[in-house]
Amino acid sequence: MNAAVPWPVSASLWRRDLRITGIALLALLAWDASGLDLVAARWWGTAQGFAWRNHWLTSGVLHEGGRALAWVLLGGLLLNVWRPWLGGATRGARARTVGLTLIGVLLVPALKRISQTSCPYDLSEFGGVARHVSHWRFGVFDGGPGHCYPSGHAVAAFAFFSIWFLLRGERPLAARRWLIGVLCVGAAFGLAQLARGAHYPSHTMWSAWWCWCVCAVGDAWARRGR
């Protein structure tokens, strides 16, 4: 069992995490300002809607299947608290991983509930009734049902950034591989939702950013406490 990480080392990790968070935020803001969300939606949608909206691959495998896989993995994390199979120096660290994962799972849907942004398939140019309005234009309604920003489905992958933070100290190679896997699966989920007209690319990116922030803050708080 590894000793607790000294605070100077923890502070260095936190500064690195903070740099990553800041760079990702700037990249996201640049994407939002570019208007590429609507361009990307037009690659997949027409005036008749989105052909992939109910396709077995995007709707069945990547949407419903991805959600089921996330619940299975969350169950595995709960088991890991009492019967370690994944890793974690202490039971507290393993329990914290479950907690941070759950916070990510709950936070993004909570943000969606207050969002006024409608999904691409709700836009009039794709057969719906809404007009495109940036999610930064607070208080401006697009005429659709809203509640589409950020991507709740992408959280089925990005909430598990928590395992990267659990493993990076004692198993760095496994942690890097896990991080790459989470990013790839999250991107696949995001692409499926884009093809279905259910989300813009930025919705997926913002879900990743929020989940990363939750895990980074939780990890830094725990290290500082030790």
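Owing to the predicted nature of the structure, the values given are computational and were not obtained by experimental measurement.

Q: I'm lost on the layout of surface pockets in this one. Help?
A: With a probe scaled to a water molecule rolled over the atoms, the places where space remains empty come into view. Quantified by volume, the largest pocket comes out at close to 400 Å³. Every residue lining the largest pocket is counted, 24 residues in all, and those nearest its centre are Arg67, Pro109, Gly152, His153 and Val155. By residue number, the principal contributor to the lining of the largest pocket is helix 3 (residues 56-82), which donates 5 residues. Taken together, the residues of the lining of the largest pocket break down into 13 nonpolar, 7 polar and 4 charged.

Q: Got a minute to help me understand the confidence of the model for the protein chain in this structure?
A: Low-pLDDT portions of the prediction should not be read for the details of their coordinates. Confidence along the protein chain averages 91 in pLDDT terms, with 94% of residues attaining 70 or more. Every residue in residues 1-7 scores below 50 in pLDDT, and together they form 10 contacts with partners more than four places removed in sequence or on other chains.

Q: Looking at this model, I keep getting lost on the nonpolar core. Mind explaining?
A: Within soluble globular proteins, side chains that are nonpolar tend to cluster in buried spots. If you look at the biggest cluster of nonpolar residues, it comprises 32 residues, and the most contacted ones within it are Leu77, Phe158, Phe160, Phe161 and Trp212. For this core, the secondary structure elements donating two or more residues are helix 3, helix 4 (91-114), helix 5 (155-158), helix 6 (161-167), helix 7 (172-196) and helix 8 (201-225). Phe161 has contacts with Leu179, Val182, Leu183, Ala208, Cys211, Trp212 and Cys215, leaving out every residue within four places of it along the chain. Membership of the second largest hydrophobic core comes to 7 residues, among which are Phe50, Leu123, Phe126 and Tyr200.

Q: Just to check I follow, could you spell out helix 2 (residues 36-44) for this structure?
A: An α-helical turn contains 3.6 residues, so a residue and the one three or four places further along point in the same direction. Every buried residue belonging to helix 2 is among Asp37, Leu38, Ala40 and Ala41, and all of these are buried. Buried positions in helix 2, seen along its axis, are confined to an arc of 160° and lie on one side of it.

Q: I tried to follow the state of the cysteines on my own but got confused; where do I start?
A: In protein structure, a disulfide is the covalent linkage between the sulfur atoms of two cysteines. Following the criterion strictly, the structure yields 1 disulfide and no others. Here Cys119 is linked by a disulfide to Cys148, with a sulfur-sulfur distance of 2.1 Å. For the disulfide bridge between Cys119 and Cys148, the dihedral angle about the S-S bond is near 110°, and by the sign convention the bridge is right-handed. With Cys119 in the loop between helix 4 and helix 5 and Cys148 in the loop between helix 4 and helix 5, this residue pair connects regions lying 29 residues apart in the sequence. As far as the burial class goes, Cys119 and Cys148 line up, both buried. With no disulfide of its own, Cys215 has Cys211 as its nearest cysteine by sulfur position, at a separation of 6.8 Å. The class of Cys215 is buried, set by a relative accessible area of 1%.

Q: Where do I start with the packing of helix 3 against helix 7 in this structure?
A: Pairs of packed helices are described in terms of their axes, by the angle between the two and the distance that separates them. With their axes 9 Å apart at the nearest point, helix 3 and helix 7 run at an angle of 145° to one another. As helix 3 packs across helix 7, the resulting crossing turns out to be left-handed. Packed against helix 3, whose contacting residues are Thr58, Ser59, Leu62, His63, Gly66 and Leu73, the element helix 7 presents Trp178, Ala188, Phe189, Ala192, Gln193, Ala195 and Arg196 at the interface.

Q: Got a minute to help me understand the packing of aromatic side chains in this structure?
A: The geometry of an aromatic ring pair is captured by the separation of the ring centres together with the interplanar angle, meaning the angle of the planes. Applying the stated rule across the entire model yields 11 aromatic pairs. Taking the centre distance of 6.1 Å and the plane angle of 80° together, the rings of Trp136 and Phe138 count as edge-to-face. A relative accessible area of 39% places Trp136 in the partly exposed class. You can call Phe138 exposed: its relative accessible area is 65%. Among the aromatic residues, ring-to-ring pairing joins Trp136, Phe138, Tyr149, Trp206, Trp209 and Trp210 into one connected group. For the cation-ring pair, Arg53 lies above Tyr121, with the distance from its terminal atom to the ring centre recorded as 3.7 Å.

Reading the values: the criteria
- Residues numbered from 1 in each chain as written.
- Predicted model: local features only at pLDDT ≥ 70, side-chain atom pairs only at ≥ 80, totals over all residues.
- Heavy atoms only, no water.
- 1 Å grid on protein atoms, 1.4 Å probe; cavity = no way out; pocket = protein on both sides within 12 Å on 5 of 7 lines; lining within 4 Å.
- Points joined across faces, edges and corners; volume = space filled by probe spheres on them.
- Helix = DSSP H or I, 4+ residues; strand = E, 2+ residues; numbered from the N terminus.
- Nonpolar A, V, L, I, M, F, W, Y, C, P; charged D, E, K, R; others polar.
- pLDDT = per-residue confidence, 0-100.
- Contact = heavy atoms within 4.5 Å.
- Core = buried A, V, L, I, M, F, W, Y, C linked by side-chain atoms within 4.5 Å.
- Buried < 20%, exposed > 50% of the residue type's maximum accessible area, 1.4 Å probe, protein only.
- Arc of directions from axis to C-beta.
- Disulfide = S-S within 2.5 Å.
- Axes fitted to C-alpha atoms, helices over the stretch in contact; angles between N-to-C directions.
- Left-handed = near helix turned anticlockwise from the far one by under 90°.
- Phe/Tyr/Trp six-rings, centres within 6.5 Å; stacked < 30°, edge-to-face > 60°.
- Lys NZ or Arg CZ within 6 Å of the ring centre and 35° of its normal.

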